Amino acid sequence: MSNKERRKMDRLVVASISSSLMLLVVAGLVHPSSGGITTTSRSTSCGYQSCHATKPGFINVHLVPHTHDDVGWLKTVDQYYYGSRTGIQKAGVQYILDSVVEELQANPERRFIYVEMAFFWQWWEEQDESTRDVVRDLVSQGRLEFINGGWCMNDEATTHYVDIIDQMSLGLSLLNDTFGECGRPRIAWQIDPFGHSREQAFIFSQMGYDGLFFGRLDHEDKKQRMAAKTMEMVWSSSSLGQTGWLFTGVNYNLYQPPPGFCFDILCSDLPVIDNPKSKEYNVDQRVTEFLNYCQRQSEAYATDHILLTMGGDFTYQDANVWYKNMDKLIKYANERQTNGSRFNLLYSTPSCYVKSLNGVKKSWPLKTDDFFPYGSDAHSYWTGYFTSRPAFKYMVRQGSNLLQACKQMDSALSWSGSTNQGDVNVMKRAMGIAQHHDAVSGTEKQAVVQDYQGRLHEGVVECQKTQASYYQSQLPILGRPLPDVKFCQLNVSQCDVSETSGRFVVNIYNSLARHVDKYVRIPVAGGDSYQVLDPDGKVVDSQLIPISPQVQALPGRTSSATEELVFLAAQLPPIGSKSYYVERDSKHRRRHSFKSKSQRLVPGEDHIITTDKVKVRVDGTTGLLSSVTVNGEEYFVQQEFLWYPGYNGDNESADRRSSGAYIFRPNGTDAFPMRRTMTAAIITAVYTGPLVQEIHQFYDSWVSQVIRIYRGQEHVELDWVVGPVPVSDKIGKEVISRVTTTILQSDGTFYTDSNGRQTLRRELDARESYTYTPTEPVSGNYYPINSHLFIRDPVGEQQATVLVDRSQGGSSLIGGLIELMVHRRLLRDDSFGVDEPLDETAFQQGLVVRGSHYLILSDGPSSAGRYRPLAQQIYKQPQLSFIPTTLTFVDWRRLYKTQQQLISRELPENVNLLTLENRSDGSYLIRLEHIYDVGEDKVLSEPVTVSLKDLFPGFAITSAEETILGGNQLKKDSQRLVWHSSSDKQTNVRSSHSDEFPDLDLQPMEIRTFILNLVRDNRLDK
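Residues numbered from 1 in each chain as written. Predicted model: local features only at pLDDT ≥ 70, side-chain atom pairs only at ≥ 80, totals over all residues. Heavy atoms only, no water.

Colleague: Tell me about the overall build of the protein, and name the residues and values.
Modeller: A tally of helices and strands in the protein yields 18 helices and 51 strands. Computed over its C-alpha atoms, the radius of gyration of the protein comes to 29 Å, within 12% of the 31 Å expected for a compact globule of 1022 residues. With the C-alpha coordinates of the protein rotated into their principal frame, the extents come out at 100 × 70 × 55 Å. In the protein, which comprises 1022 residues, the share counted as buried stands at 65%. Surface exposure of the protein reaches about 34,600 Å², of which carbon and sulfur atoms provide 47%. Within the protein, one finds 105 positive and 121 negative side-chain charges whose respective centroids are separated by 2 Å. (Helix = DSSP H or I, 4+ residues; strand = E, 2+ residues; numbered from the N terminus. Rg over C-alpha atoms; globule rule 2.2 N^0.38 Å. Buried < 20%, exposed > 50% of the residue type's maximum accessible area, 1.4 Å probe, protein only. Areas by Shrake-Rupley, 256 points an atom, 1.4 Å probe, with all protein chains shown as cover. Lys, Arg positive; Asp, Glu negative; His and termini not counted. Charge placed at Lys NZ, Arg CZ, Asp CG, Glu CD.)

Written as structure tokens, this is what we have:
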């Protein structure tokens, strides 16, 4: 299939989520009709036993009827579901499901798979009980099969692993609740995402999937695999050994039908005409053409089974057209067997295809790396979307953090029997949709991203209601209701409560299962002094520091605050909160907030800021960072902003491809400094104080930065504002932050995360799995960064790590260099379907983005012990809320708790409580993960034992059942297919766990999932 077929203008359907769906229970193992786990009273022949028989000695052609329904792209979710806005795209998901269900009933031999649960549940809620019974029967007989089963088909480059798990679990739990074991998907189906990650494969393996199929891989990789017949393989997705193995297949034709055999109402291909009296009779010709295609495809695969994807974007709006012609193809092709044909056609599903391959009992090649970056041709590397729509990417990441805290608070409300005024499900569904491969990826139309943002905003509002309910339940001591809880837009340094109130309380909630120190920054009016009291009433050191002019001028900001009040919230309790009391101190008492000092700048002299741990030096001539000293060791490092000019082509051929929403293609290999001179960065101010010290840099009217270090911390924060990117010169720009060090990698290697979790080794201009021809030396070496990117010297003595606060593209193009793309504004579309340039605007001007990078300089052996916990803290930033009050601190403390926590103790420092979630049946789902990989740290990479005994204060655990990662099947019932590999890259085989609850063992990078039942234990209360 040519790359232009990415243009999804032939789609048939649409989708949405109704308000009634939002009331559905979204977590559960128990099938409502039975009260048991994944059981059903309906007689079933689903799963592998529903597969049609294949024929030994023949090439078995598995025809897989399917539709690919984007959960938003050119149209919004609702527009796709209902079929509106046909001038944009003729697509209506509701009609697809109506038509398929009708046609499946007409012939029991037919099969169909469905993937996107966001659409299916919208449709399901609209059906009467008789239609639901028909669907239940089709599912129980294996004629309608759910594949993948997540809320959407998520992107794999720009998603965080927590969000992937959440959106998959959301769909899987609803399938389980509704259809029992027959609703459990066995195969992952990632046919459209633009590259594939190792962590995604690991997640699928831990969710019990037997296989994965996808459509997109690099054009050179595909060509070489087809020649070697290695289009199917076993993917070793983690250091956990064979438990992380996943059979993986690459589709021959992306996910489209064979050319000429699209039997859809929007296609123009010939039907199969079998009336011999008709002048249009074409059975012999059509069958011959089809079998010739099957022969060509079979030559690229290693067994006598091939899978043909019979469908495409929003196909099957009139399923009769498809099935009528496929019925004929199967009939007439199989009749040729009597004349020596070697082909046997059958209706099938990816599950049945995988089962057939598993029965071959062959050894498969083993893959250990990932499928990034994806190049669809020599000049089209899909690495631009790693950064596209950076503000939305940040919103999604912040929404993820909020959702985790929201689920914890919802659990606490359930424990106490209190009412939650918010609906957590709204945020779950909004976040589920946001993970779609045309959502967080930034590859949708502008109107569609605004719809995504609106959905997320609705979810945020519901989560804020949950937070307010939580504090109302947890904090009152004497029964006096808590005043209204307020929330602020701290990303733009705006907060009405702190700016206008003489007294207010700051609630700081820590969703990590260990103590955390957090420097809090609150916007306040200039000219005043403040006093901050901790939960015990002790005065906390605080400092006032100016807000940079560029932040004050952020579009949409309505605040008059000119300063931020900074203080350290020390030892925030694990899964708990502290309340700090802040009072404006107009009388300037002895312990008021420190006023930052502004250093006098001497032209040509270096500018230095220093704390007890870190010293930062900025060159007085260039205005650029020149060195960082950490614990007495100096590292020579420079950081600056530059931009690549985006290539403006007409897309008529590969070498004329434009840079666009998907594609990063710079016009040349050089990135330009902001003003193309090394004196572009101008120091505007240097501020010092006891808690935080800052250097404010001004590059240009559209780029500025604050270099920031805090007392007691060993990293440097780079707080940048970029935009609106100027395009009056008719040149699109791809803006990067580049860090240059003296750490020279002799072999051109660097390291990037996989969905914020595993770390993969990268090599410049090389691929582990295939012979790579460098044609785009910049974009062809870009990788997705969701957590960290680092370089180290060959002997591991020095390492430079940069952490991000959202998905970005990054690389190390030269030894000692790290670069991350922070923003992009382009004037041409790249002709891969979105059909509009990535020229994002907000508040009637080009988009302005604020973000942060975190720079760690250290020796190699200790590096993981620094960046792993910091990455967790960046992702799970404490949640702040505000309560204005007229009460004195003494009165406040008498009426309300100022500190509380949901667990009795912190977990080991290498363990994260990934999930704490309330379930519909009164039980709780928890996930525990080991956050280090094998060999990363001498101590912290070792296996660890975690005890859950007495972990939840006031409650005893009455039962605990381990499940697979999705929470939809008991671990003991999971029976995955076994695969064999002859590769010499065999991975270690981990033994099964021998632990006894409540003491749990965790191997490096392992995630374990449990369903707990709790009961109030009055002895523990005492």
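Colleague: Please give an account of the pattern of salt bridges that cites residues and values.
Modeller: Counted under the stated rule, the structure contains 53 salt bridges. A salt bridge links Glu199 to Arg757, with the nearest nitrogen and oxygen atoms 3.5 Å apart. Of this pair, Glu199 sits in helix α6 (residues 198-206) while Arg757 sits in the loop between β33 (749-754) and β34 (758-763), placing them 558 residues apart in sequence. Exposure remark for Glu199: the relative accessible area of 0% places this residue in the buried category. (Salt bridge = Lys/Arg side-chain N within 4 Å of Asp/Glu carboxyl O.)

Colleague: Residues and numbers for the environment of Ser653, please.
Modeller: Mapped onto the elements of the fold, Ser653 is located in the loop between β26 (633-645) and β27 (672-673). The class for Ser653 is partly exposed, based on a relative accessible area of 26%. Along the backbone, Ser653 and His379 are 274 residues apart, and their C-alpha atoms lie at a distance of 9.5 Å.

Colleague: Describe in detail unusual backbone geometry, supporting the description with residues and values.
Modeller: For the bond from Phe372 to Pro373, the omega torsion is -10°, close enough to zero to count as cis. Mapped onto the elements of the fold, Pro373 is located in the loop between β11 (366-367) and β12 (375-377). Phe997 connects to Pro998 through a cis peptide bond whose omega is 15°. One can find Pro998 in the loop between β49 (980-981) and β50 (999-1002). Notably, Asn651 is not glycine yet its phi reads approximately 65°, a positive angle.

Colleague: Which residues make up the sheet that holds β34, and what are the values?
Modeller: Sheet strands line up and pair through hydrogen bonds in the backbone, either parallel or antiparallel. Taken together, the 10 strands give an open sheet; going across it, the order is β22-β28-β29-β30-β31-β42-β37-β36-β33-β34, and neighbouring strands pair in antiparallel fashion. The sheet is open, and its two borders are formed by β22 (597-598) and β34, each paired with just one other strand. Pairing between strand β37 (residues 799-804) and strand β42 (residues 849-858): six bridges, direction antiparallel. When the bridges of β42 are listed, Val804 appears paired with His853. (Pairing = 2+ DSSP bridges.)

Colleague: Please set out the nonpolar core residue by residue, giving values where relevant.
Modeller: If you look at the biggest cluster of nonpolar residues, it comprises 178 residues, and the most contacted ones within it are Phe120, Phe290, Tyr316, Leu345 and Val616. For this core, the element with the highest residue contribution is helix α5 (residues 161-179), accounting for 10 residues. Met409, Phe889, Leu1000 and Phe1010 belong to the second-largest nonpolar core, a separate cluster that totals 41 residues. (Core = buried A, V, L, I, M, F, W, Y, C linked by side-chain atoms within 4.5 Å.)

Colleague: Before we move on, can you summarise helix α11 (residues 390-416) with the specific residues and values?
Modeller: In a regular helix each residue adds 1.5 Å, so 27 residues correspond to 39 Å; α11 covers 40 Å between its end C-alpha atoms and thus fits that length. Most of α11 is tucked away, with 21 of its 27 residues classed as buried. Downstream of α11 by one or two residues, Gly417 has phi in the positive range, about 70°. (Expected span 1.5 Å × (residues − 1).)

Colleague: An account of the sheet that holds strand β9 (residues 343-347) is needed here, citing residue identities and associated values.
Modeller: Here we have three strands laid out as an open sheet, ordered β8-β1-β9, and parallel in their pairing. A strand with exactly one partner marks an edge of an open sheet, and here the two such strands are β8 (305-313) and β9. Ignoring which end each strand starts from, the neighbouring axes of this sheet average 25° apart. Examined bridge by bridge, strand β1 (residues 59-68) and β9 share five bridges and lie parallel to one another. (Axes fitted to C-alpha atoms, helices over the stretch in contact; angles between N-to-C directions.)

Colleague: Just give me the short version of the environment of Asn507, but keep the residues and values in it.
Modeller: Mapped onto the fold, Asn507 is located in strand β14 (residues 503-510). Between the alpha carbons of Asn507 and Thr898 there is a distance of 8.4 Å; along the sequence they are 391 residues apart. Apart from the residues within four sequence positions on either side, Asn507 is in contact with Tyr471, Leu475, Lys578, Ser579, Gln879, Leu880, Ser881 and Ile883. In terms of polar contacts, Asn507 uses its side chain to reach the side chain of Ser579, at 2.7 Å. (Contact = heavy atoms within 4.5 Å. Polar contact = N/O pair within 3.5 Å; in protein donor to acceptor, adjacent residues only side chain to side chain.)

Colleague: If you had to explain the pairing of β33 to someone new, which residues and values would you point to?
Modeller: In terms of residue burial, β33 counts as a mostly covered element, since six of its six residues are buried. Of the strand pairs in this sheet, β33 and β34 are connected by six bridges, and their pairing is antiparallel. Across the sheet, the residue bridging to Ser754 is Gln758, located in β34. The antiparallel hairpin formed by β33 and β34 contains three residues in its connecting segment, where Asn755 sits at a positive phi of about 55°. In the sheet, β33 pairs with strand β36 (residues 788-792) via two bridges, with the strands oriented antiparallel. Its bridge partner lying in β36, Tyr751 is registered against Phe790.

Colleague: Tell me what's going on with the packing of α5 against α6, and back it up with residues and numbers.
Modeller: As a packed pair, α5 and α6 sit with axes 11 Å apart at the nearest point and diverge in direction by 35°. For the element pair α5 and α6, the recorded crossing hand is right-handed. Residues Tyr161, Ile164, Ile165 and Met168 of α5 pack against Glu199, Gln200, Ile203 and Phe204 of α6. Residues that form the contact of α5 with α6 fall into these classes: six nonpolar, one polar and one charged. (Left-handed = near helix turned anticlockwise from the far one by under 90°. Nonpolar A, V, L, I, M, F, W, Y, C, P; charged D, E, K, R; others polar.)

Colleague: So what about the packing of aromatic side chains? Which residues, and what values?
Modeller: Across all of its chains, the model carries 59 aromatic pairs by this definition. A ring pair is formed by Phe372 and Phe386, whose centres lie 6.1 Å apart and whose planes are at 85°; its orientation type is edge-to-face. Here Phe372 is found in the loop between β11 and β12, whereas its partner Phe386 is found in the loop between β13 (380-381) and α11, with 14 residues between them in sequence. There is no split in this pair, since Phe372 and Phe386 are both buried. (Phe/Tyr/Trp six-rings, centres within 6.5 Å; stacked < 30°, edge-to-face > 60°.)

Colleague: Please give an account of the confidence of the model for the protein that cites residues and values.
Modeller: Looking at the protein as a whole, its pLDDT mean stands at 92, while 93% of the residues score no less than 70. Note that residues 1-37 has pLDDT below 50 and, in this model, 178 contacts with residues that lie over four places away or in other chains. (pLDDT = per-residue confidence, 0-100.)

Colleague: Report on a negative patch on the surface, specifying residues and quantitative values.
Modeller: Judged by side-chain charge, Asp98, Glu102, Glu126 and Asp318 come together as a negatively charged surface patch. One can find Asp318 in the loop between β8 and α9 (319-335). (Patch = residues over 30% accessible without salt bridge, like charges linked within 9 Å, V, L, I, M, F, W, Y side chains within 5 Å.)

Colleague: So what about the side chain of Asn755? Which residues, and what values?
Modeller: Counting through the fold element by element, Asn755 comes out in the loop between β33 and β34. From its side chain, Asn755 meets the backbone oxygen of Glu156 in a polar contact 2.9 Å long. Excluding residues within four positions of it along the chain, Asn755 makes contact with Glu156, Thr159, His160, Tyr161, Ile164, Ser197, Glu199, Gln200 and Asn786.

Colleague: Give a description of the state of the cysteines that names residues and reports values.
Modeller: Tallied over the full model, the rule gives four disulfides. At a sulfur-sulfur separation of 2.1 Å, the disulfide partner of Cys51 is Cys352. Measuring handedness by torsion sign, the sulfur bridge of Cys51 and Cys352 sits at about -90° and is left-handed. Residue Cys51 is found in the segment before β1, and its partner Cys352 is found in helix α10 (residues 350-360); the two are separated by 301 residues along the sequence. Residue classification places Cys51 among the partly exposed residues on the basis of a relative accessible area of 21%. Two residues, Cys262 and Cys267, share a disulfide whose sulfurs are 2.1 Å apart. A torsion of 50° about the S-S bond marks the disulfide between Cys262 and Cys267 as right-handed. (Disulfide = S-S within 2.5 Å.)

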